[in-house]
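Structural features, examined
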Amino acid sequence: MKIFKYIGVCTAGLLALASCSPEDYSGPDQNGIPSVAAYADNFTINVDQSTNTANFAFKAADGVTPVWKIDGAYSSTFSSSKFYRKAGDYSAICRVMNANGISADSVIKTFHVNKTQMNGFGGFVEDSEYNLFKDATYGTPTFWYAPGWTQIADPAYTANKGSYTVTLPKATTDQWQAQMFIPTNVSLQGGKHYDFSCILTSTTDHPHVTVKIGSVSQPDFVLYYNNAVKLEAGEPLCVYFSDVEAPNDVAGDLELIFDFGGNAENTDITAESFVIKDHDNDDGTVVPAPDQAAFVYASDDNLWWAVDKAGSATFGGYYAPGWSQIDNAVITHDGSSYTIALPSATYERWQAQASLTVPDGIEISADEEYDFCAEFSSNNALGGVTCKVQQPGSDDEANGNFLESTDGNSISVPAGGTYKYQVVKKKFSKSFTGLKIVFDFGGNPANTTVTVNKITLQKHKE
């Protein structure tokens, strides 16, 4: 309180000198310092929720001036405004002053910002009656934090229903080294279609956050998986999907899974504004139209076309039903098509990987935007197929340097049908030579044959 007293004396002195002649001024009267209690209702804060602007006002009163402390900054204005990007609860410390000094007591005025303002799409309506997370019960988060694959103490975090901020003091290098699991009591119905959104903000750049929606009690249940969420420091990003069908194995204990592996040291990441709803329930949200690209397979613009003509790709993979590795899946090439034979069933993601690699002949620039397209067909239905277009070399060299669609790798191939997978207008994180395309069919039935046709990689074309 002494600090405020001295500030008040100095400020009051300046005010008095501005309004009195030198011979009139005899210094501040310590007994005349006001109490803010009598002026508490003079302070008002109203938030324009459409613009995230907080408006601060003080109703004029004889003999006193307001003193605001807003986000650490002092002000004595009677009215001011401030923009708040992030949703949340905020407060201002309010005092009054007169010619004798600043009030020793204070009033704290709180205010709430409903929704984080975004440069792009902001997600579905968090406060909607249709949001299944709105009245959900959130369990205590658990972690697996292992820089260099050596587990250390769990990171510190703060939680307010629907918002979690995690502090990661140590850097990690690889995916899955900084996992966070948030259990809920949200229940979905198999076969129904759902919409989802959340907002992520990091204090540092992050090349590839992973977002997954699973189940506490059903490890094989995966509604959504995206390991290509690139965050720019201080810039909120909405991660979302729309019209995704829930697997038939119903989840009654939906789990939000985040992995921040690849983080810089001293990184804080906030996950907030969780929404999941039945797609048939319209909350008024308009989902952005996806970027479009014009693809032509048989074209010199297709960087992979020369590879197909020359038959120069080498084949690799990791085929491990039950995580017990067997011979790699057999890959054959014919013109524009690659056929992958998977005789044994697998049960989890990453158990049926196949890759195509060229070490040179393709130059990738981190300054360019790229489009990628491939057609998938299978004799058996496949769900959750993964396709990554990345830098060749070791896992460390390729870490985070790949193209994936905005909504992750939710590729479901119908039996006897075709799925056309596209990534449009995306950048690699760094330049390189050559190319590697990795597929994963983990979860495939026995005796599955998959064909990947008309692989196209090009600089972005509208």
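Along each chain, numbering runs from 1 in the same order as the chain's sequence is written. For a predicted model such as this one, the threshold for reporting local features is a pLDDT of at least 70, and the threshold for listing and counting side-chain atom pairs is 80 or more; totals across whole chains, interfaces and linings nevertheless cover every residue. Excluding hydrogens and water, the side-chain values take into account all heavy atoms of the structure.

What follows concerns the overall build of the protein. Helix and strand assignments come from DSSP, with helices taken as H or I runs of at least 4 residues and strands as E runs of at least 2, each series counted from the N terminus. From N to C terminus, the protein includes three helices and 29 strands. The atom set for the radius of gyration is the C-alpha atoms, and the globule formula is 2.2 Å times the number of residues raised to the power 0.38. Since a compact globule built from 462 residues should have a radius of gyration of about 23 Å, the 29 Å found for the protein marks it as more spread out than a globular shape. The principal-axis extents of the C-alpha atoms in the protein amount to approximately 100 × 45 × 45 Å. Residue contacts are counted whenever heavy atoms from the two residues lie within 4.5 Å of one another. Of all intrachain contacts in the protein linking residues separated by at least 6 positions in sequence, the fraction that spans at least 24 positions is 77%. For the area figures, the Shrake-Rupley method with a 1.4 Å probe applies, and any residue is considered shielded solely by the protein chains shown. Just so you have it, the protein exposes about 21,300 Å², and 50% of that area is on carbon and sulfur atoms. By the counting scheme adopted, Arg and Lys are positive, Glu and Asp are negative, and His together with the chain ends is not counted. Every charge is mapped onto a representative atom, which is NZ of Lys, CZ of Arg, CG of Asp or CD of Glu. One way to put it: in the protein the 29 positive side-chain charges average out to a point 4 Å from where the 54 negative ones average out.

Our next topic: the environment of phenylalanine 56. Counting through the fold element by element, phenylalanine 56 comes out in strand E2 (residues 53–58). Apart from residues lying up to four places away in sequence, phenylalanine 56 is in contact with Thr44, Ile45, Trp68, Ile70, Phe78, Ser79, Ser80, Ser81, Lys82, Tyr84, Ala92 and Phe111.

With that settled, the discussion passes to the sheet that holds strand E20 (residues 330–334). At least two DSSP bridges between two strands are required for those strands to pair. One open sheet accounts for five strands, arranged E20-E21-E29-E23-E27; its pairing is antiparallel. This sheet does not close on itself; its edge strands, each paired only once, are E20 and strand E27 (418–426). The average angle at which neighbouring strand axes cross in this sheet is 20 degrees, direction not considered. In terms of strand pairing, E20 meets strand E21 (residues 337–342) through five bridges, oriented antiparallel. Within E21, the residue paired with valine 330 across the bridge is alanine 341. Structural elements are reduced to axes, namely lines fitted to C-alpha atoms, with helices fitted over the stretch in contact, and the angle between N-to-C directions of any two is expressed from 0 to 180 degrees.

Here we take up the environment of isoleucine 269. Position of isoleucine 269 relative to the elements: it lies in strand E18 (residues 267–278). Partly exposed residues are those whose accessible area sits between 20% and 50% of the maximum for their type, while under 20% is buried and over 50% is exposed, using a 1.4 Å probe and protein chains only. Isoleucine 269 sits in the buried class, given a relative accessible area of 0%. Considered as a pair, isoleucine 269 and isoleucine 70 are 199 residues apart in the sequence and their alpha carbons are 24 Å apart. Contact partners of isoleucine 269, with chain neighbours within four places excluded, come to Tyr164, Thr165, Val166, Leu168, Thr201, Ser202, His206 and Phe260.

This part takes up the pattern of salt bridges. For this document, the term salt bridge refers to a Lys or Arg side-chain nitrogen within 4 Å of an Asp or Glu carboxyl oxygen. Counted under the stated rule, the structure contains eight salt bridges. Across the salt bridge formed by aspartate 278 and lysine 192, the nearest N and O atoms sit 3.1 Å from each other. Here the residue aspartate 278 occupies a position in strand E18, and lysine 192 occupies one in the loop between strand E12 (178–183) and strand E13 (193–202), the gap between them amounting to 86 residues. Overall, the relative accessible area of 14% leaves aspartate 278 in the buried class.

Stacked, tilted and edge-to-face pairs are distinguished by plane angle, under 30 degrees for stacked and over 60 for edge-to-face with tilted covering the rest, among Phe, Tyr and Trp rings (Trp via its six-membered ring) whose centres lie within 6.5 Å. The tally for this structure, following the rule as stated, stands at 29 aromatic pairs. Consider the rings of phenylalanine 196 and tyrosine 224, whose centres lie 6.1 Å apart with planes at 40 degrees: the pair is tilted. Note that phenylalanine 196 is positioned in strand E13 and tyrosine 224 in strand E15 (residues 224–231), a separation of 28 residues in sequence. Measuring from centroid to centroid gives 5.5 Å for phenylalanine 196 and phenylalanine 241, while their planes differ by 25 degrees, and the two rings are stacked.

This brings us to the sheet that holds strand E1 (residues 43–48). The antiparallel open sheet is built from three strands, whose spatial order is E1-E2-E5. Looking at which strands have only one partner, the edges of the open sheet turn out to be E1 and strand E5 (79–83). Strand after strand, the sheet turns through a mean of 20 degrees between neighbouring axes, direction not considered. Of the strand pairs in this sheet, E1 and E2 are connected by six bridges, and their pairing is antiparallel. Looking at the pairing, threonine 44 lines up with alanine 57 of E2.

Criterion for a disulfide: a pair of cysteine sulfur atoms at a distance within 2.5 Å. Here the structure, examined in full by the defined rule, presents zero disulfides. Lacking any disulfide linkage, cysteine 373 is separated from the closest cysteine sulfur, that of cysteine 387, by 9.9 Å.

pLDDT runs from 0 to 100 and stands for how confident the predictor is about each residue. Confidence in the prediction of the protein, expressed as mean pLDDT, is 88, and 91% of residues score 70 or more. Between residues 1–26, whose pLDDT stays under 50, and residues either more than four places distant or in other chains, the model counts 22 contacts.

Take the side chain of threonine 204 next. One can find threonine 204 in the loop between E13 and strand E14 (206–215). Looking at threonine 204, the relative accessible area reads 17%, which means it is buried. The term polar contact refers here to a pair of N or O atoms within 3.5 Å; inside protein, the definition further demands a hydrogen-donor-capable atom paired with an acceptor-capable atom, and it admits residues adjacent in sequence only when both atoms are side-chain atoms. Reaching out from threonine 204, the side chain makes a polar contact with the side chain of threonine 267 at a distance of 2.7 Å.

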